Amino acid sequence: MTNRLYYDNAYLTQFDAQVLKCIPRGDVYDVLLDRSAFYPTSGGQPFDTGTLGDTCVVDVNVTDGEVWHTVDAPLREGSEVHGEIDWPRRFDHMQQHAGDHMIAGALHRLMGGVTIGLHVSEEISTIDVAMPGGATRISDGDIRRIELDVNEHIQRDVPIRCWFPSEEELPTLPLRKKPTVSEHVRIVAIGDDEMVACGGTHPSTAGQIGLVKIVSVAPARGKMRLAFLAGQRALNDYLNCHQAAHAAAELFSTGVSSLTSSIRSMQERLHAAEYELVRLRREQLLSGADGMLAQAERLPDGTRLIAQFVEADGMLLRELASKLIESSGVIAMLGAMNGEQAVYVFGRSADVNANMGALLRDAARPLGGKGGGKPDFAQGGGPKEVLAAARNRLKEVLA
């Protein structure tokens, strides 16, 4: 088994070791050392990066107690090699992992939640929690209660202790949950009220975490998933939010404390303006129906054809088509662009012999669109070429 140096000293960033094996695997090499300070991916905590000699460590995994380092160049078996850990990455993971323990401990003490998984990504950390009664959310007040509890412990700089208890000591410890392994059980204790089995790396005191911020709580696979930021990540998030909030407040010519009410007031005015715009657009479009009828194309049988695009949404498009076909002898084929695609509404007067559903369907399908409906009224969507194709097809049918 590899001697894992980080168990005794999570702050160790340089070490020397002997290369026991170097196995090529495609463009990389898997290296086994007699001792290592590199943390392998496990327990939701990602692997350390750094260097072994002149090679870059791009992955670290553990198999049957042996820590394997994936490097970008070969190392000679039997040689001595100097290793260096990427400290900013390691310390970030230490902060995230300790933050996880403290949130999990607070959830358990204050609300009876049982943490069942941790995942630390490059930007955010998440824990999955089984809550009493199968709850998958907690209130904003409960989130704040957990945050205050955790950060109060951080501000008191409670000690963090990691050790391998004896077989006699282990059963006496007030662990938050039962260990998942039966041998070489390593315990992490944070202050007086958080203790659990864990093989990860952690700071020596909670104060080094700096800050913990819960950023979201949502259901996930029947459990509650809580996302959080710890340490420098939490500080960066605060700095970004502070800058954004003050920039927005300046745009509204108000203070940050009044920003929410200013935004709400603007939203109300915007909704009122949008409602008025829709009303005026509807009024203008429908009032132009008579002009559209007067300028309609006359087909050989005398039917008036209106085939054009207008500026409207689907509901207004249907309303306009319905108004046009109230007159006798009218076919209305209307389209409205929605990005690169269009929505279509085809309608005909009761005295016109043409199947609008079949017409729209047959014109749209070859162009990747779709549509259909009744003989007198149809709806669909597709590229803008559908309208011209339907117009040509209609003239063929009525010829």
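Before reading on, note that the structure itself is shown above.
Each chain carries its own residue numbering, running from 1 in the direction its sequence is written. Per-residue local features of the predicted model are confined to residues with pLDDT of at least 70, and side-chain atom pairs are confined, for both listing and counting, to 80 or more; whole-chain, interface and lining totals are unaffected and use all residues. Excluding hydrogens and water, the side-chain figures rest on all heavy atoms present in the structure.

Time to look at the overall build of the protein chain. Counting secondary structure elements, the protein chain contains eight helices and 21 strands. By the compact-globule yardstick of 21 Å for 399 residues, the protein chain is too spread out, its C-alpha radius of gyration being 34 Å. Considered along the principal axes of its C-alpha atoms, the protein chain spans approximately 100 × 55 × 45 Å. For every residue, the accessible area obtained with a 1.4 Å probe (protein chains only) is divided by the maximum for its type, and the residue is called buried under 20%, exposed over 50%, and partly exposed between those limits. Burial status across the protein chain gives 42% buried among its 399 residues. Residue contacts are counted whenever heavy atoms from the two residues lie within 4.5 Å of one another. For the protein chain, restricting intrachain contacts to residue pairs at least 6 apart in sequence, the fraction spanning at least 24 positions comes to 60%. Counting from the N terminus, the helices are the DSSP runs of H or I reaching at least four residues and the strands are the DSSP runs of E reaching at least two. Throughout, radius of gyration means the C-alpha value; the globule benchmark is 2.2 Å times the number of residues raised to the power 0.38.

To continue, consider the pairing of strand β2 (residues 14-25). The rule for pairing is simple: two strands pair if DSSP sees at least two bridges between them. The sheet contact formed by β2 and strand β8 (residues 80-85) spans five bridges and is antiparallel. Bridging from a neighbouring strand, Gln14 pairs with Glu84 of β8. Two strands pair when backbone bridges link them, and β2 and strand β3 (residues 28-33) are joined in this way by six bridges, in the antiparallel orientation. Bridging across to β3, Pro24 finds its partner in Tyr29. In this structure, the hairpin formed by β2 and β3 is closed by a connection of two residues, where Gly26 is found at a positive phi of approximately 65°.

Moving on to a nonpolar patch on the surface. Think of a patch as exposed residues, more than 30% relative accessible area, with no salt bridge, where like charges cluster within 9 Å and nonpolar side chains (Val, Leu, Ile, Met, Phe, Trp, Tyr) cluster within 5 Å. Only the protein chains shown count as cover for residues, and all accessible areas are computed by the Shrake-Rupley method using a 1.4 Å probe. Any carboxyl oxygen of Asp or Glu that lies within 4 Å of a side-chain nitrogen of Lys or Arg is treated as forming a salt bridge with it. A contiguous nonpolar surface patch, about 290 Å² in accessible area, is contributed by Leu235, Tyr238 and Leu239. Its location among the elements puts Leu235 in helix α3 (residues 232-251). Judged by relative accessible area, which is 37%, Leu235 ranks as partly exposed.

This next bit is on unusual backbone geometry. Residues other than glycine seldom take positive phi values, yet Asp64 does so here, at roughly 50°. Locating Asp64 in the fold gives a position in the loop between β6 (55-63) and β7 (66-71). For Asp64, a relative accessible area of 74% gives the class exposed. For Ser253, which is not glycine, the phi dihedral falls at a positive 55°.

Moving on to the sheet that holds strand β12 (residues 187-190). Taken together, three strands build an open sheet; the order of strands is β11-β12-β13 and the sheet is antiparallel. Pairing within the sheet leaves two strands with one partner each, and these edge strands are β11 (160-163) and β13 (194-197). Across the sheet, the axes of successive neighbouring strands diverge by a mean angle of 15°, strand direction being ignored. Where β12 and β13 come together, four bridges link them in antiparallel fashion. Its bridge partner lying in β13, Ile190 is registered against Glu194. Under this scheme, a helix contributes an axis fitted over its contacting stretch, all axes are lines through C-alpha atoms, and angles between N-to-C directions fall in the 0 to 180 degree range.

Let's shift gears to the nonpolar core. In this text, buried Ala, Val, Leu, Ile, Met, Phe, Trp, Tyr and Cys residues form a nonpolar core when linked through side-chain atoms within 4.5 Å. Grouped together as the largest cluster of nonpolar side chains are 30 residues, with contacts concentrated most on Ile103 and Leu107. Of all the secondary-structure elements, those providing two or more residues to this core are α1 (87-111), β9 (114-120), β10 (125-130), α2 (140-155), β12, β14 (212-220) and β15 (223-230). Top element by residues in this core is α1. It accounts for six residues. Residues contacting Leu107, with those up to four places away along its chain left out, are Gly112, Gly113, Ile127, Val129, Ile138, Ile146, Met224 and Leu226. Counting 20 residues, the second largest nonpolar core, distinct from the first, contains Leu286, Ile306, Leu320 and Ala332.

A helix's residues, less one, multiplied by 1.5 Å, set its expected span. With 25 residues, α1 extends 35 Å from end C-alpha to end C-alpha; this agrees with the ideal 36 Å at 1.5 Å per step. The element α1 is largely enclosed, with a buried count of 18 among its 25 residues. At the C-terminal side of α1, Gly112 shows a positive phi close to 80°.

Turning to the sheet that holds β9, a few remarks are in order. In space, the four strands of this open sheet follow the order β9-β10-β15-β14, with antiparallel pairing throughout. Strands at the two margins of the open sheet, each flanked by one partner only, are β9 and β14. Each neighbouring strand pair of the sheet contributes to a mean axis angle of 25°, computed without reference to strand direction. The pairing of β14 with β15 spans eight bridges and is antiparallel. Each bridged residue has a counterpart across the sheet, and for Lys213 the counterpart in β15 is Leu229. Those strands touched by α1 are β9, β10, β14 and β15, and its axis lies near 135° from that of β15. Relative to β15, α3 is tilted by about 80°, and along the sheet it contacts β9, β10, β14 and β15.

Only Phe, Tyr and Trp rings are paired, with Trp represented by its six-membered ring, and only when their centres lie within 6.5 Å; those with planes under 30 degrees apart are stacked, over 60 edge-to-face, the remainder tilted. Evaluated as defined, the whole model comprises eight aromatic pairs. Centre to centre, the rings of Phe15 and Phe38 are 5.9 Å apart; their planes meet at 75°, and the pair counts as edge-to-face. You can see Phe15 sitting in strand β2 and its partner Phe38 sitting in the loop between β4 (35-36) and β5 (50-52), a full 23 residues away along the chain. For Phe15, a relative accessible area of 4% translates into the label buried. Relative accessible area serves as the criterion here: at 0%, Phe38 is assigned to the buried category.

Two measures define how a pair of helices packs: the angle their axes make with one another and the distance between the axes. At their nearest, the axes of α1 and α2 sit 9 Å apart, and the two run at 125° to each other. Between α1 and α2, the crossing angle belongs to the class labelled oblique. The crossing of α1 and α2 is right-handed. Contact residues: α1 offers Met102, Ile103, Ala106, Leu107, Arg109, Leu110 and Met111, while α2 offers Asp142, Arg145, Ile146, Asp149, Val150, His153 and Ile154. Note that Gly is not counted as nonpolar here; it falls among the polar residues with everything else outside the nonpolar set of Ala, Val, Leu, Ile, Met, Phe, Trp, Tyr, Cys and Pro and the charged set of Asp, Glu, Lys and Arg. By residue class, the composition of the contact of α1 with α2 is nine nonpolar, one polar and four charged. Oblique is the label for every angle not falling under 35 degrees (roughly parallel), over 145 degrees (roughly antiparallel), or within 65 to 115 degrees (roughly perpendicular). Left-handed is the label given to a crossing in which the near helix is rotated counterclockwise from the far helix by less than a right angle, and right-handed is the label when the rotation is clockwise.

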